Amino acid sequence: MTLKEIKELLQAEVIVGKNCLDEEIMFAGGSDLMSDVLAFGKPGLLLLTGLSNAQSVRTANIIETKAIMYVRGKKPDKAGIALAREKGIPLLSTKHMMYTACGLLFSHGLPGVSGLSSKK
Amino acid sequence: MTKSDETLLSQHFEITGGDFNNAGKASTSIKEILQEIGIDSSITVRTSIASYEAEMNVVMYARRGELTLNITPEKLHLKLKDEGPGIKNIDMAMQEGFSTATDEMREMGFGAGMGLPNIKKNADKFELFSIPGKGTSLDIIFCLNKTEKK
């Protein structure tokens, strides 16, 4: 699923990375806890989160996520946007709640991190 | 000193306790260095995760800390020393989910009790020393000749 398809499915707004919407996303994971993202995330992840401070972008950069989708209409702060621009991490925001956003993506065929690893 | 012990690169970072605005900057710099010098991407991600967790622990719990990156032909060594409350019960601290985090730490997305176990999980060798009331030091080592962990 491309980032563009994900944007349309979740009726999301692109905050950073309008030129990156052709990126292919293979799996996703949702958490507000960056500790969990660091423990269970994998490079290439689409991160869904309601945590809108710069640590969300810093964490995304550390584990090499493909993009961040902020849920519940949240938007990153200025420091987060600046870091995302510097590191080339697309940021999107959807008004859907975490559960609904994850459910929509999963029901349209985008697996979770654990689902991906269990297939190995 | 043998050739395998020869330091190829050494970088030092100061970390200030309670400085949530700059939390993670040292680890972001370390990641950039590892990418620039062409360290394997899997080792770079594992090192960056361990470094970030260790750095956040200093920001959250200690007054100050020093993070040093040393690279030899065979190993990548992260050494962290902090001045802070130390860890009273290391066995408890190494358990996933055990945390003494405050609400402020949790608002930053941390403090779930995953930090130290996650550092250990990502490292090839991990040693922790702590003196309650004084501080904590971590030695986190990654072998450069193997990309997969154990």
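Please refer to the structure higher up on the page.
Residues numbered from 1 in each chain as written. Chains lettered and ligands numbered in written order. Predicted model: local features only at pLDDT ≥ 70, side-chain atom pairs only at ≥ 80, totals over all residues. Heavy atoms only, no water.

Undergrad: Could you clarify how one ought to interpret the overall build of chain B in this entry?
TA: Of the regular secondary structure elements, chain B holds five helices and five strands. When the helices and strands of chain B are listed from N to C terminus, the series reads β-α-α-β-β-α-α-α-β-β. The C-alpha atoms of chain B give a radius of gyration of 15 Å, which matches the 15 Å a tight globule of 150 residues would have. Seen through its C-alpha atoms, chain B measures out along the principal axes to roughly 45 × 30 × 25 Å. Here chain B, with 150 residues, has 49% of them falling under the buried criterion. A separation threshold of at least 6 residues defines the contact pool for chain B, and within that pool the share at least 24 residues apart is 67%. Taken as a whole, chain B presents about 7400 Å² of accessible surface, with 49% of it coming from carbon and sulfur. Computed over 18 positive and 22 negative side-chain charges, the separation of the two mean positions in chain B equals 5 Å. (Helix = DSSP H or I, 4+ residues; strand = E, 2+ residues; numbered from the N terminus. Rg over C-alpha atoms; globule rule 2.2 N^0.38 Å. Buried < 20%, exposed > 50% of the residue type's maximum accessible area, 1.4 Å probe, protein only. Contact = heavy atoms within 4.5 Å. Areas by Shrake-Rupley, 256 points an atom, 1.4 Å probe, with all protein chains shown as cover. Lys, Arg positive; Asp, Glu negative; His and termini not counted. Charge placed at Lys NZ, Arg CZ, Asp CG, Glu CD.)

Undergrad: Can you help me understand the side chain of B:S137 in this one?
TA: Residues and elements named next belong to chain B. For S137, the position within the fold is in strand β5 (residues 135-143). Residue S137 is classed as buried on the basis of its relative accessible area, which comes to 13%. Beyond its immediate stretch of four places on either side in the chain, S137 contacts L80, K81, E127, L128 and F129.

Undergrad: Before we go on, may I ask you to explain the interface of chain B and chain A in this structure?
TA: Many analyses report the size of an interface as the accessible area lost when the parts associate. Each side of the interface is counted separately: chain B has 24 residues, and chain A has 20 residues. Buried surface at the junction of chain B and chain A, both sides included, amounts to about 1800 Å², of which 54% is carbon and sulfur. Linking chain B with chain A are 15 residue pairs in polar contact (both at pLDDT 80 or more). Those elements giving two or more residues to the side of chain B that touches chain A turn out to be α1 (25-36), α2 (41-61) and α5 (115-122) of chain B. A per-class count over the side of chain B that touches chain A returns ten nonpolar, eight polar and six charged. (Buried area = accessible area lost by both parts, 1.4 Å probe. Polar contact = N/O pair within 3.5 Å; in protein donor to acceptor, adjacent residues only side chain to side chain. Nonpolar A, V, L, I, M, F, W, Y, C, P; charged D, E, K, R; others polar.)

Undergrad: Hey, could you run me through unusual backbone geometry in this one?
TA: Excluding glycine, residues mostly have negative phi values, and the peptide bonds linking residues are mostly trans. All names here are of chain A. Even without being a glycine, E64 presents a positive backbone phi close to 65 degrees. Note on placement: E64 falls in the loop between α3 (54-63) and β4 (67-70). Owing to a relative accessible area of 27%, E64 belongs among the partly exposed residues under this scheme. Of note in this structure, R72 is not a glycine but carries a positive phi near 60 degrees.

Undergrad: I tried to follow the nonpolar core on my own but got confused; where do I start?
TA: One recurring pattern in soluble globular proteins is that nonpolar side chains are buried together. Of all hydrophobic cores here, the largest spans 62 residues; its most connected members are A:L91, B:L69, B:L138 and B:I140. Among all residues touching B:I140, those that are not within four sequence positions of it are B:A50, B:A54, B:L76, B:H77, B:L78, B:I119, B:A123, B:K125 and B:F126. Grouped together as the second largest cluster of nonpolar side chains are 19 residues, A:L3, A:L10, A:L46 and A:L105 included. (Core = buried A, V, L, I, M, F, W, Y, C linked by side-chain atoms within 4.5 Å.)

Undergrad: I tried to follow the side chain of B:N57 on my own but got confused; where do I start?
TA: Inspection of the secondary structure assignment puts B:N57 in helix α2. In this structure B:N57 touches B:A62 and B:L116, once residues within four positions along its chain are discounted.

Undergrad: Please clarify how the sheet that holds β5(B) should be interpreted in this entry.
TA: Two pairing modes exist for strands in a sheet, parallel and antiparallel, and in both the strands are linked by backbone hydrogen bonds. Residue and element names in this part refer to chain B. The five strands lie next to each other as β1-β2-β3-β5-β4, forming an open sheet whose pairing is antiparallel. Unpaired on one side and paired on the other, β1 (9-16) and β4 (125-131) mark the two borders of the sheet. Strand-to-strand twist of the sheet, defined as the mean angle between neighbouring strand axes without regard to direction, takes the value 10 degrees. Alignment of β4 against β5, held across seven bridges, turns out to be antiparallel. By the bridge assignment for β5, F129 is matched with S137. (Pairing = 2+ DSSP bridges. Axes fitted to C-alpha atoms, helices over the stretch in contact; angles between N-to-C directions.)

Undergrad: Would you mind showing me how to read the pattern of salt bridges here?
TA: Think of it this way: side chains of opposite charge can pair up when their charged atoms draw near. All names here are of chain B. In total, this model carries twelve salt bridges over all chains according to the counting rule given. With a closest N to O distance of 3.8 Å, R46 and D124 form a salt bridge. One end of the pair, R46, is in helix α2; the other, D124, is in the loop between α5 and β4, and 78 residues separate them in sequence. Judged by relative accessible area, D124 falls into the buried class, the value being 10%. A salt bridge links E66 to R64; the shortest N-O distance between them is 3.1 Å. Residue E66 is classed as partly exposed on the basis of its relative accessible area of 26%. A relative accessible area of 26% places R64 in the partly exposed class. Each of E14, R64, E66 and E83 takes part in one network of salt bridges that share partners. (Salt bridge = Lys/Arg side-chain N within 4 Å of Asp/Glu carboxyl O.)

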